[in-house]
Amino acid sequence: MSLTMTQPIIRRLPAQTVNRIAAGEVVERPASVVKELVENALDAGATRIDIVADSGGLTRLLIEDNGKGMSAAELALCIERHATSKLPLDDDGQDDLLNIATMGFRGEALPSIGSIARLSIISQARGMGDAWSVSVEGGQASEVAPVAPLGRPGTRIEVRDLFYATPARLKFLKSERAENLGISDVVKRLAMSRPDVGFFLVQDGRKRLSIAAERGDDTEARKARMTAVIGADFGANALEVDQVREGVRVTGFASLPTYSRGNAMHQYLFVNGRPVRDKLLGGAVRGAYQDFLARDRHPVVALNVELPTSQVDVNVHPAKAEVRFRDAGLVRGLIVGALRHALAGAGHRASTTVAGHALGAVRPEGYRPLQGVQYQAAQHSPLWGRMPEPHQPGVFEPGMSARIERDDSPDYAPDQPQAPAPDWPLGIARAQLHETYVIAQTADGIVIVDQHAAHERLVYERMKAMIAETGVQRQRLLVPEIVDLEEAEAQRLLDRSHELAELGLVIESFGAGSIAVRETPALLKKLNVQGLIRDLADDLAEYDQALSLKEKLEDVVGTMACHGSVRAGRRLNGEEMNALLREMEATPHSGQCNHGRPTYVELKLADIERLFGRR
């Protein structure tokens, strides 16, 4: 008799194997354990969570909270698969997977962790004087037993020897340092999602994170928490985001374009308070900042999307790290619009770190006489106390590239400089240096303007406004260009043909999987049509927007703005310099050029006085 006749091919797996398979989905690395256990603590109503990790979390993890705790009966149930207190019931008394408001809901974390590690739990329920403990090793659970009270309600969970029951998994882990960074990143993301909870992280005996719970106004609390996690500079350079559309609300903070990073690791998205990673955020942020940053620079963003739980599915990823929106287009459009609205409200503002970097580069030196210079007492100098005349010998030689704006008004007195108008944020032009930089005096400091970068931005914004008003001019191809794609890619492009036509690209169907390009933007004279269409298909698949075409158009407009702006090396008179400053104040986004570099640096008088030891 054959083997297939005596033994069925399909068999039921034992519970221990099932738990280990589930652990492979839920527990990818030590950071996954921390995420699951901290989320449990948040669901339990904790206001303080302490995390301890040794050796990257492999030898020991300890998570302790002051939540509501568990009774002996609940403790026995919590280590069983698919036992949970968080899944709500609908009107018919059925488990409702479409209206989940908690971080967890599957009841998989604790049994999965217990199947591959040594797990021990001590808990004391609120209002009870007794504490209870249970332990699980390699899937084998002990009896629930009484222990000494914790002295307060809450739960203490300790995980030792992670993956000891599945040693093969250890080969796929990274270094201890990398695992520690993973734990730290998870804790920071959870801390940003809940400013009302204190988070304290200790790794290998060293305190890595110590953030007390924030109190007061929700917006200020969130900003304080973001500043505590991301850094003090972020708080000073963050723009508040708050927009609502069709029952969906986006709140949070986004950095000025001049405060950017070299990668997108500092872009955080939370959906109803749940930290998630979603390519939708990357595409939306890139679309909102495409006018202001080079492609290799990324803003710092922390956004929370609030929407009815029925409009989002959180049960699409084993670790709940991804979600699926019922109307992803609405959410993406809202994020883009909210970010652009915040950026427009920033006006000409530039990052405070620009001035900080400038001041940091200054190194006050001790007194050193300059070689070849004869010194004499200041009171004997015929030039002291009066404005030098242009080209006066020994003061301004014809080859020196600097000029000072003199005030020719009757009341002008050189020893009594007039204060600039307080309602001019960029002050009054006082000088031009090296025929490139305009020096202006403000009410409480000075401003140094890069005249070429500033004027380039102003011209760019004018050209954008003109294109928005008149539309993108198109040129008809003598022979339509036929591009062959996959049917799904071609359909995505055809579905957005109206939007592409507004950008100057006219396409139509040319059979299954083929696109006929009949008109292209006139600005893009020499254009690789095949390459552009394929790039657009990729953009629509990944970001749900036509970034390639927009960026090509903006590159051309940026180049035209560059060539049409005031060049470095051109001398400006006082009227021209002040006109430049006034237009910068009136133009949104004038604080940075088209590539995200600052157009001006502002130095406060207090900072300058510190350089000279006056403060």
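The structure under discussion appears in the preceding block.
Since this is a predicted model, take the numbers as computed values, not measurements. (Residues numbered from 1 in each chain as written. Predicted model: local features only at pLDDT ≥ 70, side-chain atom pairs only at ≥ 80, totals over all residues. Heavy atoms only, no water.)

Caption draft 1: Expanded view of the overall build of the protein chain. Scanning the protein chain for helices and strands turns up 18 helices and 26 strands. Every one of the 615 residues in the protein chain was classed for burial, and the buried ones make up 44%. Considering only contacts within the protein chain whose residues lie at least 6 apart along the sequence, 70% involve residues at least 24 apart. Accessible surface computed for the protein chain: about 32000 Å², of which carbon and sulfur atoms make up 52%. (Helix = DSSP H or I, 4+ residues; strand = E, 2+ residues; numbered from the N terminus. Buried < 20%, exposed > 50% of the residue type's maximum accessible area, 1.4 Å probe, protein only. Contact = heavy atoms within 4.5 Å. Areas by Shrake-Rupley, 256 points an atom, 1.4 Å probe, with all protein chains shown as cover.)

Caption draft 2: Local environment of the sheet that holds strand β23 (residues 474-484). Within the open sheet, the 3 strands sit side by side as β23-β25-β24. Their pairing is antiparallel. Looking at strand neighbours, the two that pair on one side only are β23 and β24 (506-509), the edges of this open sheet. Within this sheet the neighbouring strands show an average axis-to-axis angle of 20°, counted without direction. With 4 bridges connecting them, β24 and strand β25 (residues 514-521) associate as antiparallel partners. Across the sheet, residue E508 finds its bridge partner in β25, namely A516. (Pairing = 2+ DSSP bridges. Axes fitted to C-alpha atoms, helices over the stretch in contact; angles between N-to-C directions.)

Caption draft 3: Region of the structure containing the packing of helix α9 (residues 279-289) against helix α10 (residues 328-345). It is the contact of α9 with α10, at a shortest axis distance of 9 Å, that shows an interaxial angle of 35°. The way α9 lies across α10 gives a crossing that is right-handed. Seen from α9, the contacting residues are L280, A284, V285, G287, A288 and Y289; seen from α10, they are A328, V331, R332, I335, V336, L339, R340 and L343. When the residues that make up the contact of α9 with α10 are grouped by side-chain class, the tally is 11 nonpolar, 1 polar and 2 charged. (Left-handed = near helix turned anticlockwise from the far one by under 90°. Nonpolar A, V, L, I, M, F, W, Y, C, P; charged D, E, K, R; others polar.)

Caption draft 4: View of the pairing of strand β8 (residues 198-203). The element β8 is largely enclosed, with a buried count of 5 among its 6 residues. Bridging between strand β1 (residues 48-54) and β8 involves 6 bridges; their strand directions are parallel. Note on β8: the bridge partner recorded for I49 is F199. Pairing analysis gives 5 bridges linking β8 to strand β9 (residues 206-211), with the strands arranged antiparallel. If you follow V202 over to β9, its bridge partner there is K207.

Caption draft 5: Representation of the nonpolar core. One finds V38, I49, I121, V159 and F199 to be the most contacted residues of the largest nonpolar core, which totals 55 residues. By residue number, the principal contributor to this core is helix α3 (residues 30-43), which donates 7 residues. With 37 residues, the next largest nonpolar core counts F105, V285, V323 and A346 among its residues. (Core = buried A, V, L, I, M, F, W, Y, C linked by side-chain atoms within 4.5 Å.)

Caption draft 6: Just the pattern of salt bridges, in detail. Enumeration over the complete set of coordinates arrives at 26 salt bridges. A salt bridge links D444 to K604, with the shortest nitrogen-to-oxygen separation between them at 3.3 Å. Taken as a pair, D444 in the loop between β21 (437-442) and β22 (445-450) and K604 in strand β26 (residues 600-604) lie far apart in primary sequence, 160 residues in all. Assessed through its relative accessible area of 37%, D444 is described here as partly exposed. The salt bridge involving E585 is made with R582; its shortest N-O contact spans 2.9 Å. With a gap of 3 residues between them, E585 and R582 both fall in helix α17 (residues 574-586), about one helical turn apart. If you follow the salt bridges from partner to partner, you end up with D54, R60, E158 and R160 in one network. (Salt bridge = Lys/Arg side-chain N within 4 Å of Asp/Glu carboxyl O.)

Caption draft 7: The arrangement of the packing of aromatic side chains in detail. On inspection of all chains with the given rule, the structure shows 1 aromatic pair. Here F234 and Y259 contribute two aromatic rings whose centre-to-centre distance is 6.4 Å and whose plane-to-plane angle is 50°, an arrangement assigned as tilted. Placement of the pair is F234 in helix α8 (residues 232-236) and Y259 in the loop between β11 (248-255) and β12 (260-261), with a sequence separation of 25 residues. Neither F234 nor Y259 differs from the other in exposure class; each is buried. Here R118 stacks its cationic end above the ring of Y164, 3.9 Å away from the centre of that ring. A cation over a ring is seen here: R582 above W424, with NZ or CZ 4.2 Å from the ring centre. (Phe/Tyr/Trp six-rings, centres within 6.5 Å; stacked < 30°, edge-to-face > 60°. Lys NZ or Arg CZ within 6 Å of the ring centre and 35° of its normal.)

Caption draft 8: Geometry of the side chain of R274. Looking at where R274 falls in the secondary structure, it is placed in strand β14 (residues 274-276). Of the buried charged residues, R274 lacks a salt bridge, with E39 as the closest side chain of opposite charge at 4.9 Å. There is a polar contact of 2.6 Å between the side chain of R274 and the backbone oxygen of M103. Apart from residues lying up to four places away in sequence, R274 is in contact with I100, T102, M103, L269, V314 and K320. (Lys, Arg positive; Asp, Glu negative; His and termini not counted. Polar contact = N/O pair within 3.5 Å; in protein donor to acceptor, adjacent residues only side chain to side chain.)

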